[in-house]
Amino acid sequence: MSTATAAASTRTGTVLADLLPASRVRDVALVAGGAALTGLAAQIAVPVPGSPVPVTGQTFAALLVGTALGARRGLLSLALYALAGLAGVPWFASGTSGVSVSFGYILGMMLASAVVGSLARRGADRNVLRMAGTMLLGEAIIYAIGVPYLAYAAHLSASAAIAAGLTPFLIGDAVKAALAMGALPAAWKLADKG
C-alpha cells in the first residue's frame, strides 16, 4: 500500500470508496454501481405472511452503499435506484417497479444511506461497535419513513402498519446489521494491510 493510501485509510473523513483514484468517472461508476447493487439485492425477496412487504437484501445493500460510498454518493446511488424504478426499471423488490405501498422504505433508504455515509466519514465504519450503532440508526430511519408510508398507502392503522411493516423484519435486520458490522471494519483492515 502506498503511503498516501495508508494515510487516507486511517484519516477520518475518508470512506472506502475514497481509496480508489479520484475522478468524475470513478464517482459516476460508484453511483451507478451502488444503484445496481441495491437493485440486485432487492431481487433476494422472501414474502412475509400477512405483509405486503417482503424481506429483501435491499436494505442491507442501501446501508452498505451509503457507508462505503459516503453521504453524497450514497444518496445519489439510492436516488438513481428510486428514479430508475419509478421510470419502469423492474429492480424494486421481486422485480417490480413504480410506486407501491412499500415505496416509503425506498425513500427511507435514500435518507438512511446519506446518514450512514456521513457517519462513516467520521470513522463509524472502522470498528464493530460503532458500525453496529450506524446500521441500527440506518434501519431506524428506513422504518421511520417506511412504516408511516405503508400505513398511509395501504390504509392501515399505526398498530397494523407496525405489525405488517416492522415487527416481522427485526430479526432479519439484526442479521444484516451483524453482517455489516463484520464486513466494513474487515474491509478497512484489509485496505490497511494491502
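What you see is a predicted model, and the numbers here were worked out from it, not measured in a lab.

Engineer: Lay out the overall build of the protein with the relevant residues and their values.
Structural biologist: The number of helices and strands found in the protein is eight helices and two strands. Along its sequence from the N terminus, the protein presents helices and strands in the succession α-α-β-β-α-α-α-α-α-α. In terms of its C-alpha atoms, the protein occupies a principal-axis envelope of roughly 55 × 35 × 20 Å. Of all 194 residues assigned to the protein, the portion counted as buried reaches 45%. Counting only contacts in the protein whose residues sit at least 6 apart along the sequence, the fraction spanning at least 24 positions is 69%. Put simply, the protein shows about 9,000 Å² of open surface, and 73% of that area lies on carbon and sulfur atoms. Across the protein, the centroid of the 12 positively charged side chains sits 6 Å from that of the 6 negatively charged ones.

Engineer: Report on the environment of Arg26, specifying residues and quantitative values.
Structural biologist: Within the element layout of this structure, Arg26 appears in helix H2 (residues 24-41). Overall, Arg26 belongs to the buried group, its relative accessible area being 13%. When near neighbours in sequence (up to four residues on either side) are disregarded, Arg26 contacts Ala17, Asp18, Leu20, Pro21 and Arg73.

Engineer: An account of the pattern of salt bridges is requested, with residue identities and associated values reported.
Structural biologist: For the structure on display, the rule yields seven salt bridges. Note that Arg26 and Asp27 form a salt bridge whose closest N and O atoms lie 3.0 Å from each other. You can call Asp27 buried: its relative accessible area is 17%. For the salt bridge of Asp27 with Arg73, the shortest nitrogen-to-oxygen distance reads 3.0 Å. Here Asp27 is found in helix H2, whereas its partner Arg73 is found in helix H4 (residues 71-86), with 46 residues between them in sequence. The same class applies to Asp27 and to Arg73, which are both buried. Three or more residues joined by partner-sharing salt bridges are found here, namely Asp18, Arg26, Asp27, Arg72, Arg73 and Arg121.

Engineer: Tell me what's going on with a nonpolar patch on the surface, and back it up with residues and numbers.
Structural biologist: On the surface, a nonpolar cluster with roughly 300 Å² of combined accessible area is contributed by Leu83, Leu86 and Val99. Along the chain, Leu86 falls in helix H4.

Engineer: Can you explain H2? Please cite residues and give values.
Structural biologist: With 18 residues, H2 extends 26 Å between its outermost C-alpha atoms, agreeing within 8% with the 26 Å of an ideal straight helix rising 1.5 Å per residue. Restricting attention to buried positions, one finds in H2 the residues Arg26, Asp27, Leu30, Val31, Gly34, Ala35, Thr38, Gly39 and Ala41. For H2, the secondary structure elements touched by its buried residues are strand E2 (55-56), helix H3 (58-69) and H4.

Engineer: Go over the confidence of the model for the protein with me, naming the residues and quoting the values.
Structural biologist: Interpreting fine coordinate detail is not advised for predicted regions of low pLDDT. For the protein, per-residue confidence averages 90 on the pLDDT scale, and residues scoring 70 or more make up 93% of the total. Here helix H1 (residues 3-10) stands out as the element of the protein with the lowest mean pLDDT, 46, in contrast to H4, whose mean of 98 is the highest. Note on residues 1-9: pLDDT under 50 across the span, and 13 contacts to partners over four residues away in sequence or across chains.

Engineer: So what's going on with unusual backbone geometry? Which residues, and what values?
Structural biologist: Although it is not a glycine, Ser94 adopts a positive phi angle of roughly 60°. Backbone geometry at His155 places phi at a positive 55°, although glycine is not the residue there. With respect to the helices and strands, the residue His155 is situated in the loop between helix H6 (128-154) and helix H7 (158-165). Overall, the relative accessible area of 73% leaves His155 in the exposed class.

Engineer: Account for the environment of Met181, with residues named and values stated.
Structural biologist: With respect to the helices, strands and loops of the structure, Met181 is situated in helix H8 (residues 170-193). Expressed as a C-alpha distance, the spacing of Met181 and Asn127, which sit 54 residues apart in the sequence, is 7.6 Å.

Engineer: Lay out the packing of aromatic side chains in plain terms, naming residues and giving numbers.
Structural biologist: As enumerated under the stated definition, the model contains five aromatic pairs in all. With a centroid separation of 5.3 Å and 45° between ring planes, the pair formed by Tyr81 and Trp91 is classed as tilted. You can see Tyr81 sitting in helix H4 and its partner Trp91 sitting in the loop between H4 and helix H5 (103-121), a full ten residues away along the chain. Each member of the pair, Tyr81 as well as Trp91, carries the same accessibility label: buried.

What counts and what doesn't
- Residues numbered from 1 in each chain as written.
- Predicted model: local features only at pLDDT ≥ 70, side-chain atom pairs only at ≥ 80, totals over all residues.
- Heavy atoms only, no water.
- Helix = DSSP H or I, 4+ residues; strand = E, 2+ residues; numbered from the N terminus.
- Buried < 20%, exposed > 50% of the residue type's maximum accessible area, 1.4 Å probe, protein only.
- Contact = heavy atoms within 4.5 Å.
- Areas by Shrake-Rupley, 256 points an atom, 1.4 Å probe, with all protein chains shown as cover.
- Lys, Arg positive; Asp, Glu negative; His and termini not counted.
- Charge placed at Lys NZ, Arg CZ, Asp CG, Glu CD.
- Salt bridge = Lys/Arg side-chain N within 4 Å of Asp/Glu carboxyl O.
- Patch = residues over 30% accessible without salt bridge, like charges linked within 9 Å, V, L, I, M, F, W, Y side chains within 5 Å.
- Expected span 1.5 Å × (residues − 1).
- pLDDT = per-residue confidence, 0-100.
- Phe/Tyr/Trp six-rings, centres within 6.5 Å; stacked < 30°, edge-to-face > 60°.

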